[in-house]
Amino acid sequence: MAEVALALPLADEVRLAEEAERHGHRVVLRASGAEELASRIAASGARIAMVGAEEQYLGARLVAACDSAGVRLVVVGAGDASMRRVRRLGLLDALVPAAEWAAVDGGPVPPAVGTRPAAASAIETRAVPIAIAEREDPAPEPAAGDGAPPARRGAVVAVWGPHGAPGRTTVAIALAAEAAAAGLAAAVVDADTHAASVGPALGLRDEAPGFAAACRLAASGELDVEELERVAAVRPSRHGRLRVLTGLLRASRWPELGARRVEAVLDAVRDWAEVSVVDTGAPLDRDEGLGGELAPPGRNDAAVAALLAADRIVLVGAGDPIGVGRLLRAHAELHELDGIPPVDVLVNRVRPSAIGLNPAGQLRQTFARLGGIEDPVLVPEDRPALDGAVLQGATLVDAAPRSPARLALRRYATERLLGGDRSLRRLA
């Protein structure tokens, strides 16, 4: 039995309330529209909210309220016109039609059609939104061996940089948000064992289980898409919902993020999100001491494991004389690791006051001459926009969409990182 909340046209409300009883469910709340349902859903005890697709019954505030309360959102009667609005809310790609109570009773979610993998459409938020279209028989899935291509797995991007707060977390969040805004199922993962800050930067509550919980589940062999969805937080946005695996609440718990655990989690997130951006800690050095099987886990193992497991690394440095020197040394240090994926160099906080006239030209010449680095990504300084985003607990996409820093990150994400291809062939 499930507790159900309803916000529907009267005829549909009466019909579904009667059907709920026949299916053994209990209607705990009937709301006149999206605003009333959003204000009462948390206290109602409902596990499922069945709503109409019209604007009166479905809005961004309701989606956020259901996410926060962990309520499953089922959109009823979504035809072609209303499905476009449903997508604009960031809920899902088009789904082949399904019967309402098959979805509510826990039956299989119909596979997605369009550009996203089926797995992504079924895990859009913790509330697992589902669209119910006209009553038709679902399209049959191709049988194994029919020549159907295997489902593509998601890509992992690791963001790393040297000491000195060059903006690793800011860049990681921004790139994940740009992927979400492009219509992809995106996640940001905080694997920093020294100073985790993704959660606070996005205004998320500290009690979210996050990445450490995913690592513990991976160690016991219990980590799957459903568990990832459970331990993740969700940052609602007007431009696409962002999944978040928050970092360690206390840095002293770093042993929970062992290398094998990190590798297992990042392998699992490929089935959970189309793009996962990992924020890593600065140091890569290993403590010298015991070797072989008796060697204790290293605090920096999580960062190294994330870098080696990624499809691409974004190396972030600050655009000032000290930051440039650190970035060049970090670039050399990074290439001492065996088997690293392709590396993009991103210079953050570029400004004439720190470099002089024509900072972009000077930086390009310096990196080409001293590091053999061609065409680094240059992100201009925009302190008011970045401060505003942190103050709001929001991404740059939401807080300052026209910020020069945001536009530079968007250009890199869409033109180079994602390659303009939403099907996301492997980034490497």
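The structure presented is a predicted model; accordingly, all values stated were derived computationally and were not measured. (Residues numbered from 1 in each chain as written. Predicted model: local features only at pLDDT ≥ 70, side-chain atom pairs only at ≥ 80, totals over all residues. Heavy atoms only, no water.)

Novice: Could you give an account of the packing of helix α7 (residues 168-181) against helix α18 (residues 404-417), naming the residues involved and the relevant values?
Specialist: In contact at an axis separation of 9 Å, α7 and α18 are set at 60° when each is read in the N-to-C sense. Relative to α18, the element α7 is oriented oblique. For α7 against α18, the interelement crossing comes out right-handed. Touching V171, A174, L175 and E178 of α7 are R406, L409, R410, Y412, A413 and L417, all from α18. (Axes fitted to C-alpha atoms, helices over the stretch in contact; angles between N-to-C directions. Helix = DSSP H or I, 4+ residues; strand = E, 2+ residues; numbered from the N terminus. Parallel < 35°, antiparallel > 145°, perpendicular 65-115°, else oblique. Left-handed = near helix turned anticlockwise from the far one by under 90°. Contact = heavy atoms within 4.5 Å.)

Novice: Explain the nonpolar core to me, and be specific about the residues and the numbers.
Specialist: The biggest cluster of nonpolar side chains holds 51 residues, and the ones touching the most others in it are F211, L245 and V262. It is helix α9 (residues 210-219) that contributes the most residues to this core, seven residues altogether. When sequence neighbours within four positions are dropped, the list of residues in contact with F211 reads V189, D190, A191, L245, T246, L257, V262 and V265. One finds A174, V198, A408 and L409 within the second-largest nonpolar core, a separate group that totals 40 residues. (Core = buried A, V, L, I, M, F, W, Y, C linked by side-chain atoms within 4.5 Å. Buried < 20%, exposed > 50% of the residue type's maximum accessible area, 1.4 Å probe, protein only.)

Novice: How would you explain the sheet that holds strand β9 (residues 242-245) if you had to name every residue and give the values?
Specialist: If you trace the eight strands from one edge of the open sheet to the other, you get β8-β9-β7-β10-β6-β11-β12-β13, paired in mixed fashion. Lying at the two open borders of the sheet, with one neighbouring strand each, are β8 (233-235) and β13 (377-380). Strand-to-strand twist across the sheet, computed as the mean angle between neighbouring axes with direction ignored, equals 25°. Judged from the six bridges that link them, strand β11 (residues 312-318) and strand β12 (residues 343-350) form a sheet pairing that is parallel. Paired with V314 across the bridge in β12 is D344. (Pairing = 2+ DSSP bridges.)

Novice: Quick one: what's the story with the pairing of β11, residue by residue and with numbers?
Specialist: Judged by how many residues are buried, β11 sits mostly within the fold: seven of seven residues are covered. Here β11 shows no split at all, with R312, V314, V316 and A318 on one side and I313, L315 and G317 on the other all buried. Alignment of strand β6 (residues 155-160) against β11, held across four bridges, turns out to be parallel. Across the sheet, the residue bridging to V157 is R312, located in β11. Read as a crossover between parallel neighbours, the route from β11 over helix α13 (residues 321-334) to β12 is right-handed. (Right-handed = clockwise from strand over helix to strand, strands pointing away.)

Novice: Go over the pairing of β12, please, and point to the residues and values.
Specialist: Of all eight residues that make up β12, six are buried, and the element is covered over most of its length. By the bridge criterion, three bridges tie β12 to β13 in an arrangement that is parallel. The residue bridging L346 from the neighbouring strand is V377, located in β13.

Novice: Could you give an account of helix α2 (residues 34-44), naming the residues involved and the relevant values?
Specialist: All of the buried residues along α2 are A34, L37, A38, I41 and S44. All buried residues of α2 fall inside an arc of 140° around its axis, so they share one side. Contacts from the buried residues of α2 go to β1 (3-7), β2 (26-30), β3 (48-52) and α3 (60-69). Positive backbone phi, approximately 80°, marks G45, located one or two places after α2. (Arc of directions from axis to C-beta.)

Novice: Quick one: what's the story with the packing of α2 against α3, residue by residue and with numbers?
Specialist: As a packed pair, α2 and α3 sit with axes 9 Å apart at the nearest point and diverge in direction by 15°. Between α2 and α3, the crossing angle belongs to the class labelled roughly parallel. The two elements α2 and α3 cross, and the hand of that crossing is left-handed. Contact with α2, carried on its side by A34, E35, L37, A38, S39, I41 and A42, involves R61, L62, A65 and A69 of α3 and no other residues of that element. Of the residues belonging to the contact of α2 with α3, the class tally is eight nonpolar, one polar and two charged. (Nonpolar A, V, L, I, M, F, W, Y, C, P; charged D, E, K, R; others polar.)

Novice: Pulling in residues and values, what's your account of α9?
Specialist: Across the 10 residues that make up α9, a large majority, eight, are buried. Within the sequence span of α9, burial applies to G210, F211, A212, A213, A214, C215, L217 and A218. In the core, the buried residues of α9 are packed alongside β7 (186-191), α10 (225-231), β9 and α11 (259-269). Immediately beyond the C-terminal end of α9, within one or two residues, lies G221, with a positive phi of roughly 75°.

Novice: Hey, could you go over the side chain of D398 for me, with residue numbers and the actual values?
Specialist: By secondary structure assignment, the location of D398 is in helix α17 (residues 396-399). As a buried residue without a salt bridge, D398 has its nearest oppositely charged side chain in R238, at a separation of 4.1 Å. Apart from residues lying up to four places away in sequence, D398 is in contact with P236, S237, R238 and H239. (Lys, Arg positive; Asp, Glu negative; His and termini not counted. Salt bridge = Lys/Arg side-chain N within 4 Å of Asp/Glu carboxyl O.)

Novice: I'd like to hear about the packing of aromatic side chains, residue by residue, with values.
Specialist: This structure, assessed with the given rule, holds zero aromatic pairs. Of note, R243 hangs over the ring of W272, and the distance from its end group to the ring centre comes to 5.6 Å. (Phe/Tyr/Trp six-rings, centres within 6.5 Å; stacked < 30°, edge-to-face > 60°. Lys NZ or Arg CZ within 6 Å of the ring centre and 35° of its normal.)

Novice: For the confidence of the model for the chain, give the residues involved together with the corresponding values.
Specialist: For any part of a model where pLDDT is low, the fine detail of the predicted coordinates should not be relied upon. For the chain, the average pLDDT comes to 81, and 77% of its residues sit at 70 or higher. Confidence over residues 92-100 falls short of pLDDT 50; this stretch has 41 contacts with residues more than four positions distant or in other chains. Here residues 288-294 is modelled with pLDDT under 50, and outside its nearest four sequence neighbours on either side it reaches two contacts, counting other chains as well. (pLDDT = per-residue confidence, 0-100.)

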